[in-house]
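Now for the letters of each chain:
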Amino acid sequence: MTIHDKTIHDTSLSRRSILKAGAGLVIGAYVARGGNAFAQAAPAAPAYNIVPNTFLIIKPDNTVTVLCKGIEFGQGPFTGMATLVAEELDADWSQMRADHAPSNPQLYKNLAFGLQGTGGSSAIANSYIQMRQVGAAARQMLVAAAADAWQVPADEITVENGVIKHASGKEGRFGEFADKAMAMPVPADPKLKDPSTFKLIGKEGVVKRLDSADKSNGKAFYTLDINEPDMLTVVIARSPKFGGTVKSFDATAAKSIAGVVDVKQVPTGVAVYAKGFWPAKTGRDALKIVWDDSKAETRGSAQPLAEFREKSKTSGKVVKNEGDFEGAMAKGGRVVEVEYVFPYLAHAAMEPLNGYLKWDGDTAYARYGCQFPTPDHKAISKVLGLPMEKVKIDVLLAGGSFGRRAQQSTHQAIELAEVAKAIGPGKGVKLVWTREDDMRGGYYRPYSIHRMRGTVRDGKIEAWSDTIVSQSIMKGSFFESIMFKDGLDPTSYEGSNEIPYEVANFKMDMHQVDVGVPVLWWRSVGHTHTGYAVEAFIDELLEAAGKDPVEGRLELMGKKPRHAGVLKAVAELADWKNYKVPEGRARGVAVVESFNTFVAQVVELSMTDDGPKVHKVWCAVDCGVAVNPDIIRAQMEGGIGFGLGHILYAEQKLEGGVPVSGNFDSYRSLRINEMPEIEVVIVKSTEKPSGVGEPGVPPLGPAVANAMAKLGVGRPRQLPIVPGASA
């Protein structure tokens, strides 16, 4: 059995069946897809923290499969986890494979969250020691097996590139000893390598991504590829306005379309079930629905903007207050007051939401790109009235997310279970969201305003305040009870309450408002707007103080060495002091910490009739120990492109409560000819690894804005920079 092959979905796997299939050594492993069997190499669980959260399988064919508790949707955890294991195992990279772990809330917790899920750029950060221990334990057990077989002392055996060797000339590969190693005791405290001896971790050009080839040649298996016998494809007609409900509907025309099997009302709208996507969509188009908008959001974009602006002129709930802000302002000096406005943003991942579920009345089996298996698992169980152990979720590859699949409301899992429940047991259903469903379906980056005030006196920044008006992402979800601080959602203000600059008189307060538009985490979460506000404002204050943007920042970073480190690194990379900027161009800089990763960027741009043209971006990143430098660099490059497109062009407007943009023809993204040249330097560090999936995004926007100000065209106060590009 090939564990990584998604065409195989055996829900009755056990230790015995895996051994029969030739699984070989299974360590720290929960291998039953949805069952409760716990397979490990010894009856007693070891004392260290690899069991039962992570695992690997070494098969007699010499392949090493790492089962990854985090979803792979382009950010590289398959390769990252495999690198950590392979390093300690001394495996040859050609042996390595990776697959998703199935959903099991007890066994596959993200150590940063306490539940199974991917987010906050935490995949490597929460697994660095854990996965190395898995590899080290497996290596020790394989050596013990070889020592026993050869009747030689274990300390005389070496392992290199997947080959176990003894000075006598005896040698063998992992697969030859996998079965025997299963009988060896699991080491209680496997010794980890000294980082100075690493051959894979931190090395460039050595490790190739495990998922790239299959994604390039079409072999990669996504939810959209599921095509089970007798499967029904389902699309749902949802209210055009958030909060609208079905008042009545007529499905006569829809049911007359060839291929349409049934039409059912579900909590989120009207579901059309068909033998394929096209009849399902055509049937949905033929529905006649009367919507009840009595509780729907009916305002256009201009109304929340006006309301947010008025609130921002008053003090909200204080998050942080140091010194005497009002007193410092009263002493005079040059006062700087600005407002920054941030629109709703869609995630616009390449693969819209979709999912497959088969419910037989007693059990349920789901397969999709599930970013948060624990809450989704609970949601499906609740809708179908099943105990948790009767629900199984296989996590598949996903075509991007940027936060869209990390749903605090679990709305996708609920809707998937509801359409299965409505049609009745025994029928596999594949729920598909079209691009328009996704773009107009809400769960956007929250609408936000920052009103900032500060004063500069005698060349020194004396006071700083930031009043934020924004929606809460977590309010009303299960996250509220565990993450709210003093009644506020910390993801709405993260990065604005702990700025990297020493300012004696500081105040940050917030208005948390309710709007009938569902919102969600968006790539870099709160930092996507707080990073812009803080870094644009510090530039404004430094300009008022007559300071250089780099030197002025460094003067205020005395207690922030890692911020200062990346700022110095990017300034050196871009030759900030000596480089002569071509006529008609200007440079801007920004530095943002997000998810314990520090990123500084310098942007060089010019202005055209169509807006800014970014020619080059220099980027310095400190993410602690750099596990996979090539992936780190790629994530910085991707984050810069993603951030640039959105900061220049993107917004989701509302007209009468209805989202305007439904596809990429009206939701403007960065085009290939607009992608700037990018140069990335990774700052060497011995700090614990942190994430890179999101931190490349936040500094880009303010660096662009600051370059525009330097060029004399004004620092954008309301985004996107090119208004009307998305319409």
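Please read these numbers as outputs of a predicted model, since none were measured by experiment.

**Observations regarding the confidence of the model for the protein chain**
Here comes step 1: Across the protein chain, the average pLDDT comes to 91, with 93% of residues at 70 or higher.
Here comes step 2: Scored below 50 in pLDDT, residues 29-53 shows 90 contacts in the model against residues more than four places distant or in partner chains.

**Some points on helix H11 (residues 411-423)**
Here comes step 1: With 13 residues, H11 ought to run about 18 Å at 1.5 Å a step, and its terminal C-alpha atoms sit 18 Å apart, in line with that.
Here comes step 2: Judged by how many residues are buried, H11 sits mostly within the fold: 10 of 13 residues are covered.
Here comes step 3: Turning to H11, its buried residues are His411, Gln412, Ala413, Glu415, Leu416, Ala417, Glu418, Val419, Ala420 and Ile423.
Here comes step 4: Gly424 lies just past H11 and shows a positive phi near 100 degrees.

**Observations regarding the packing of helix H2 (residues 77-89) against helix H3 (residues 128-150)**
Here comes step 1: At a minimum axis separation of 7 Å, H2 and H3 run at an interaxial angle of 35 degrees. Relative to H3, the crossing made by H2 is right-handed. Seen from H2, the contacting residues are Met81, Leu84, Val85, Glu88 and Leu89; seen from H3, they are Tyr128, Met131, Arg132, Val134, Gly135, Ala136, Ala138, Arg139 and Leu142.
Here comes step 2: A per-class count over the contact of H2 with H3 returns 10 nonpolar, one polar and three charged.

**Focus on the environment of Ser196**
Here comes step 1: Here Ser196 shows up in the loop between helix H4 (174-181) and helix H5 (212-217).
Here comes step 2: Once the C-alpha coordinates of Ser196 and Lys710 are considered, the two residues, 514 residues apart in sequence, prove to be 44 Å apart.
Here comes step 3: Reaching out from Ser196, the side chain makes a polar contact with the side chain of Asp194 at a distance of 2.7 Å.

**Observations concerning the sheet that holds strand S21 (residues 505-513)**
Within a beta sheet, neighbouring strands are joined by backbone hydrogen bonds and run either parallel or antiparallel to one another.
Here comes step 1: Ordered by their spatial adjacency, five strands build an open sheet running S13-S21-S20-S19-S14, and the pairing between neighbours is mixed. On the outer flanks of this sheet lie strand S13 (317-322) and strand S14 (334-342), each paired with one strand and no other. Across the sheet, the mean angle from the axis of one strand to that of its neighbour is 10 degrees, orientation sign disregarded.
Here comes step 2: Bridge count for S14 against strand S19 (residues 448-457) is nine bridges, and the pairing is antiparallel. Bridge pairing in S19 links Arg334 to Val456.
Here comes step 3: Along the sheet, helix H14 (residues 527-545) contacts S14, S19 and strand S20 (460-471); its crossing angle with S14, the most-contacted strand, is approximately 155 degrees.

**Regarding the environment of Glu572**
Here comes step 1: Here Glu572 is to be found in helix H16 (residues 561-573).
Here comes step 2: For Glu572, a relative accessible area of 66% translates into the label exposed.
Here comes step 3: Sequence spacing of Glu572 and Glu679 is 107 residues, and the spatial spacing of their C-alpha atoms is 12 Å.

**Remarks on the sheet that holds strand S11 (residues 269-274)**
Here comes step 1: In space, the seven strands of this open sheet follow the order S10-S11-S8-S18-S15-S16-S17, with mixed pairing throughout. Sheet topology places strand S10 (260-266) and strand S17 (391-395) at the edges, where each strand pairs with a single neighbour. Across the sheet, the mean angle separating the axes of adjacent strands is 20 degrees when strand polarity is ignored.
Here comes step 2: In this sheet, strand S18 (residues 428-432) lies alongside strand S8 (residues 232-237) in parallel orientation, the contact comprising three bridges. In the sheet register, Val234 faces S18, and the bridge partner there is Leu431.
Here comes step 3: Sitting on the sheet, helix H10 (residues 373-384) touches strand S15 (354-359), strand S16 (364-368) and S17, and the angle it makes with S17 is about 145 degrees.
Here comes step 4: Contacting S8, S10, S11, S15, S16 and S18, H11 runs over the sheet at an angle of about 40 degrees to S15.

**As for H10**
Here comes step 1: Taking 1.5 Å per residue as the helical rise, H10 with its 12 residues ought to reach 16 Å, and the 16 Å between its terminal C-alpha atoms agrees with that figure.
Here comes step 2: Judged by how many residues are buried, H10 sits mostly within the fold: 10 of 12 residues are covered.
Here comes step 3: Here H10 has its buried residues at Pro373, Thr374, Pro375, Asp376, His377, Ala379, Ile380, Ser381, Val383 and Leu384.
Here comes step 4: Looking one or two residues past H10, Gly385 carries a phi angle of roughly 65 degrees, positive in sign.

**What to know about the packing of helix H17 (residues 629-649) against helix H18 (residues 700-711)**
Here comes step 1: The geometry of H17 relative to H18 is characterised by a closest axis approach of 9 Å and an angle of 55 degrees between their N-to-C directions. In terms of their interaxial angle, H17 and H18 are classed as oblique. The interaxial crossing formed by H17 with H18 has right-handed handedness. Listed contacts from H18 to Ile640, Gly643, Leu644 and Ile647 of H17 are Leu700, Gly701 and Val704.
Here comes step 2: Of the residues assigned to the contact of H17 with H18, the class counts are five nonpolar, two polar and no charged.

Rules and cut-offs
- Residues numbered from 1 in each chain as written.
- Predicted model: local features only at pLDDT ≥ 70, side-chain atom pairs only at ≥ 80, totals over all residues.
- Heavy atoms only, no water.
- pLDDT = per-residue confidence, 0-100.
- Contact = heavy atoms within 4.5 Å.
- Helix = DSSP H or I, 4+ residues; strand = E, 2+ residues; numbered from the N terminus.
- Expected span 1.5 Å × (residues − 1).
- Buried < 20%, exposed > 50% of the residue type's maximum accessible area, 1.4 Å probe, protein only.
- Axes fitted to C-alpha atoms, helices over the stretch in contact; angles between N-to-C directions.
- Left-handed = near helix turned anticlockwise from the far one by under 90°.
- Nonpolar A, V, L, I, M, F, W, Y, C, P; charged D, E, K, R; others polar.
- Polar contact = N/O pair within 3.5 Å; in protein donor to acceptor, adjacent residues only side chain to side chain.
- Pairing = 2+ DSSP bridges.
- Parallel < 35°, antiparallel > 145°, perpendicular 65-115°, else oblique.

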